[in-house]
Every structure is written in structure tokens, then in C-alpha cells.
Amino acid sequence: MTAQYASDPALARGRRVREEESTFRSCFQRDRDRIIHASAFRRLKHKTQVFIEHEGDYYRTRLTHSIEVAQVARTISGALGLNAELTEAVALAHDLGHTPFGHTGEDALCALMEPYGGFDHNAQAIRIVTNLERHYADFDGLNLTWETLEGIAKHNGPVTGEIPWALAACNAEMDLELHTHASAEAQVAAIADDVAYNHHDLHDGLRAELFSTDELAGLPILRECFAEVDQKYPGLNYYRRRHEALRRFFGVLVEDVIVFAQQRLAELQPASVTDVRHAGRSVIRFSDPLFEDLKVIRAFLFQRMYRAPSVVEMRARVTNVVEELFPWFMEHPDQLPKQWRKDVAEASTETALARIVSDYIAGMTDRFALQEHERLIGGL
């Protein structure tokens, strides 16, 4: 049953460029489908999470992560009576603005872009879906609904302080009410992101042998998950044992979100999606006890995985790739692909050119960035 605080596609606020409605898909389904067919979405296949794309075929990429987030988001959305298609659209789009080499690449590009207004991956996702995807005859971008754009922009909460320039440009054309919270659907997409990466980073870290199964079994939440597996399946081989434990861990996180959200919604009694936006706090989040346990797990991952010597070494190498590609293209903008030449010709300031170069580098996959660095500058 659909909740009264769910986003209703029949009441959607429309698109920047008016279009005829589909005869068989809601506007949110259409948004989701356009995101799936976007070039930026396909490129997530070769963009990294933690490990560089070529380091192994079993590690998560931005694409597999986005699919996992969408799966979790649909489950939670369905349990809460929300609009699953809007939830899925935001979940699938939430990482479109990420650079090659994960947060390492973003950190490097942020530093390089500081004199030119900065770089923010959430704002870059908005720039992609409103401007950089140029396939349709009637408009630049994907011409998504207000609700989907709002979800991409605000799924992590209200945007306060200085607004990133790429988001400000979109907001000037279509007021996304950045000072409020997003819909419950967008909030679900955000928490689904947390659920997915907390689960799969543990899985990937084990596969990379950055820590042991026994170490994992000593952490909060996981301690009980392993104990349950050992009681039910004594003598289970190590691979199946850890998979079963992590599967239970995954379930604990999802169930906690659903139960706690139901409690908060019962307290707030929102009568509409507008009530959710103006609740003054997030309605979709982990319970406080579970969140405290997750802090311990995240601290463990930070020390043993994100700051592991092998990961730090690769971070330094790929930072060098971005730091050398950016000034090279600033000095040789004529070497950008043909479809970028019109933008370059219209760039009247150094800032305008820097933003074009930033768009190009941010859109690169890990492998393409490495290949271009090798071709243009030389090996690492």
C-alpha cells in the first residue's frame, strides 16, 4: 500500500523542458530508464570504489555498487510504502559525478579546481544529468523531473553554506529548495548507499586479504552474525562461513533502517511528501545503537583498508595521474575530443576552460585515465 507521504508521479513538479507524458511509464520510471541508458552510467563499469579498476575482477566498481544500492533502496522503499521508481532513479544516479580512482581522484581534482570554483561529485552528478549528457534533440542533459533532481542534489540532506557552482547553475533554472530535506525516497537512496558500502567494503577487504575473517568476527554486529552461523552450520568452510555472516550483517542493517524509519514516521505522522521535506530532520536513518556500532566498523575499515600500505601506494600513483593530466589539457585544449571543441571555443575565461577540462577528466574511467596519461605524458 502506498503511503500518504510517498511521492506521487501524478503530482510531480515537471521537467525543465516540457515533454508529452509516456503512455505506459510514469515520469519517475522514465527518469530511471534515462539514467540507465546514459553514457555516464555505463562508464561506472570501469570506475573504482576502493581498489583501482584493473586490480581484480571481483572487486566492486561504481556500477556494481550503484546496482546494489538500487536493490537495497527498492527493498526499503517497498517496506515503507514509498515510490520505488523514484527511489531507484536517485539510487542509480547518486554516483554519476564521481571521478576516476574513487575519492582519491576526487581529492586531486578538488585541489586542482580550487582556483576555479572547486569540484563536488554530487554537484557534478547534477551537471551530468542537466548538461553534459547530450544525446536528445530537444535538450541538453536527461531532462529529469524536479523530484529526481532534488533527490540527487539533497539525498544526503539540505545543502547549506556555499553552494557548489555546478549545483547553483541548475538551481538557478529550477529551484530545488536546497534548504529543506529531500523526499523520503531520496533519503532511502542515501541510507541504501551506506548499507551497501558498509557491507561490500568488508567483503572486498577480505578478498584482498587486508584483514582476516577472525578479525572481522570480533567486530560489533558481526560478532553476533558469525556466532549465529557457527551455531547453525558447525564446521562450515571458511568461504561460505564469512559469506553467510556478511549476508546476515547486510540483513541487520536493512531491518534496522526499516524498523527505525517506521518508528520515526509514526511519531511525525507526515500527511504528505511536503511534510517529510519540512520535518527538520531526516526520517530515514540507522538507529542510534546500530550507528554507534557502525562507527567502530568504519574506524576498522579506515585503518585496515582505506589506509592499508598497498592502497595508499596506489592512491599516490593515481593522484599523480590526475595532477598531470589537468595542466596538460589546460595547456593543450585543442587535444580534447571533437565533441568538446565547441565548448572550448566558447570558453572566454580560464575558469570556463578549467571547468571543461574538469568535466572531461571527471568523466574518465580508471583505465582510460591511465591510458591517456601513458599516451600523452608517459608511464607512472
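For the structure, see preceding data.
Computed from a prediction, not measured in an experiment: that's the story for all the values here.

A. Quick peek at the overall build of the chain. Helices and strands together make up the secondary structure of the chain, namely 18 helices and zero strands. Rg of the C-alpha trace for the chain: 22 Å, near the compact-globule value of 21 Å for 380 residues, within the 12% margin. Among the 380 residues that make up the chain, the fraction classed as buried is 57%. A sequence separation of at least 24 residues applies to 72% of the contacts in the chain between residues at least 6 apart.

B. Region of interest: the packing of helix H4 (residues 84-93) against helix H9 (residues 184-207). In contact at an axis separation of 8 Å, H4 and H9 are set at 45 degrees when each is read in the N-to-C sense. On the basis of the axis angle, H4 is oblique to H9. For H4 against H9, the interelement crossing comes out right-handed. Here Leu86, Thr87, Val90 and Ala91 of H4 come into contact with H9, specifically with Glu185, Ala186, Val188 and Ala189. Residues of the contact of H4 with H9, tallied by class, amount to six nonpolar, one polar and one charged.

C. The arrangement of the nonpolar core in detail. If you look at the biggest cluster of nonpolar residues, it comprises 88 residues, and the most contacted ones within it are Ile35, Ile76, Leu96, Leu216, Leu222, Phe249 and Ile297. Not counting residues up to four positions away in its chain, the partners in contact with Ile35 are Phe41, Ala89, Leu92, Ala93, Leu96, Leu142, Leu144 and Thr148.

D. Focus on empty space enclosed by the protein. Evaluation of the coordinates by the stated rule reveals one cavity of 30 Å³ or more. His203, Leu206, Tyr239, Arg242, His243 and Leu246 together form the lining of the largest cavity. Among the elements that take part in the lining of the largest cavity, helix H12 (residues 238-268) stands out by supplying four residues, more than any other. Looking at the lining of the largest cavity, its residues break down into three nonpolar, two polar and one charged.

E. Representation of the pattern of salt bridges. Tallied over the full model, the rule gives 28 salt bridges. Between Asp204 and Arg60 there is a salt bridge, with the nearest N and O atoms lying 3.1 Å from each other. With Asp204 in helix H9 and Arg60 in the loop between helix H2 (39-43) and helix H3 (62-80), this pair connects stretches of sequence that are 144 residues apart. Residue Arg60 is classed as buried on the basis of its relative accessible area of 13%. Among the ionic pairs, Asp288 bridges to Arg285, the shortest N-O distance being 2.7 Å. Look at Asp288 and you get partly exposed, because its relative accessible area is 45%. Through salt bridges that share partners, Arg25, Arg32, Asp33, Arg74 and Glu88 make up one connected network.

F. Molecular detail of unusual backbone geometry. Not every positive phi belongs to a glycine, and Phe101 is a case in point at roughly 65 degrees. Here Phe101 lies in the loop between H4 and helix H5 (102-113). Using a relative accessible area of 2% as the deciding quantity, one classes Phe101 as buried.

G. Seen up close, the layout of surface pockets. Space inside the largest pocket adds up to approximately 780 Å³. Broken down by secondary-structure element, the contributors of at least two residues to the lining of the largest pocket are H3, H5, helix H6 (121-132), H9, helix H14 (288-306) and helix H15 (309-331). Broken down by element, the residue count for the lining of the largest pocket peaks at seven residues, all from H9. Residues of the lining of the largest pocket, tallied by class, amount to 14 nonpolar, 16 polar and twelve charged. Taken as a whole, the second largest pocket encloses approximately 440 Å³ of empty space. Ser39, Arg43, Leu132, Gln339 and Trp340 are the residues nearest the centre of the second largest pocket, which is lined by 22 residues in total. For the lining of the second largest pocket, the secondary structure elements donating two or more residues are H2, H6 and helix H17 (350-362). Taken together, the residues of the lining of the second largest pocket break down into nine nonpolar, eight polar and five charged.

H. Examining the side chain of Asp359 more closely. Residue position: Asp359 is located in helix H17. If we ignore the near neighbours within four places in the chain, the residues touching Asp359 are Gln124, Arg127, Leu132 and Trp340.

I. Focus on the state of the cysteines. Under the criterion given, the structure shown has zero disulfides. Between Cys110, a cysteine without a disulfide, and Cys170, which holds the nearest cysteine sulfur, the sulfur-to-sulfur distance is 19 Å.

J. The arrangement of the packing of H3 against H4 in detail. Running from amino to carboxyl end, H3 crosses H4 at an angle of 155 degrees, the nearest separation of the two axes being 8 Å. Looking at the two axes, H3 sits roughly antiparallel to H4. As H3 packs across H4, the resulting crossing turns out to be right-handed. Residue-level inspection shows Ser66, Val69, Ala70, Ala73, Arg74 and Ser77 of H3 in contact with H4, the latter providing Ala84, Glu85, Thr87, Glu88, Ala91 and Leu92.

Here is what the cut-offs are and how they apply
Each chain has its residues counted from 1, following the order in which its sequence is written. It should be noted that, the model being predicted, local features are given only for residues of pLDDT at least 70 and side-chain atom pairs only at 80 or more, the latter also being counted only at that level, while totals for whole chains, interfaces and linings use all residues. The basis for every side-chain value is the complete set of heavy atoms in the structure, and neither hydrogens nor water enter the calculation. Each helix corresponds to a stretch of at least 4 residues labelled H or I by DSSP, and each strand to a stretch of at least 2 residues labelled E; elements are numbered beginning at the N terminus. Radius of gyration: over C-alpha atoms. The globule rule applied is 2.2 Å multiplied by the number of residues raised to the 0.38 power. Buried residues are those whose accessible area, probed at 1.4 Å on protein chains only, stays under 20% of the maximum for their type, while exposed residues exceed 50% and partly exposed ones sit between those limits. The criterion used for residue contact is that any of the two residues' heavy atoms lie within 4.5 Å. Between the N-to-C directions of two axes lies an angle of 0 to 180 degrees, each axis being a line fitted to C-alpha atoms and, for a helix, fitted only over the stretch in contact. If an angle is under 35 degrees, it is roughly parallel; if it is over 145, roughly antiparallel; if it lies from 65 to 115, roughly perpendicular; otherwise it is oblique. What makes a crossing left-handed is the near helix being turned counterclockwise from the far one by less than a right angle; a clockwise turn instead makes it right-handed. Gly is put with the polar residues, along with every residue not named as nonpolar or charged; the nonpolar set is Ala, Val, Leu, Ile, Met, Phe, Trp, Tyr, Cys and Pro, and the charged set is Asp, Glu, Lys and Arg. Buried Ala, Val, Leu, Ile, Met, Phe, Trp, Tyr and Cys residues that are joined via side-chain atoms within 4.5 Å together make up what is termed a nonpolar core. With a 1 Å grid spanning the protein atoms alone, the term cavity applies to any set of points in which a 1.4 Å probe fits but cannot get out, the term pocket to an open set with protein on both sides within 12 Å along at least five of seven lines, and the term lining residue to any residue with an atom within 4 Å of a point. Grid points are joined across faces, edges and corners, and a volume is the space filled by probe spheres set on the points. Any Lys or Arg side-chain nitrogen found within 4 Å of a carboxyl oxygen on Asp or Glu counts as a salt bridge. Sulfur atoms of two cysteines make up a disulfide when they are within 2.5 Å.

By themselves, these observations are geometric and do not establish any function.
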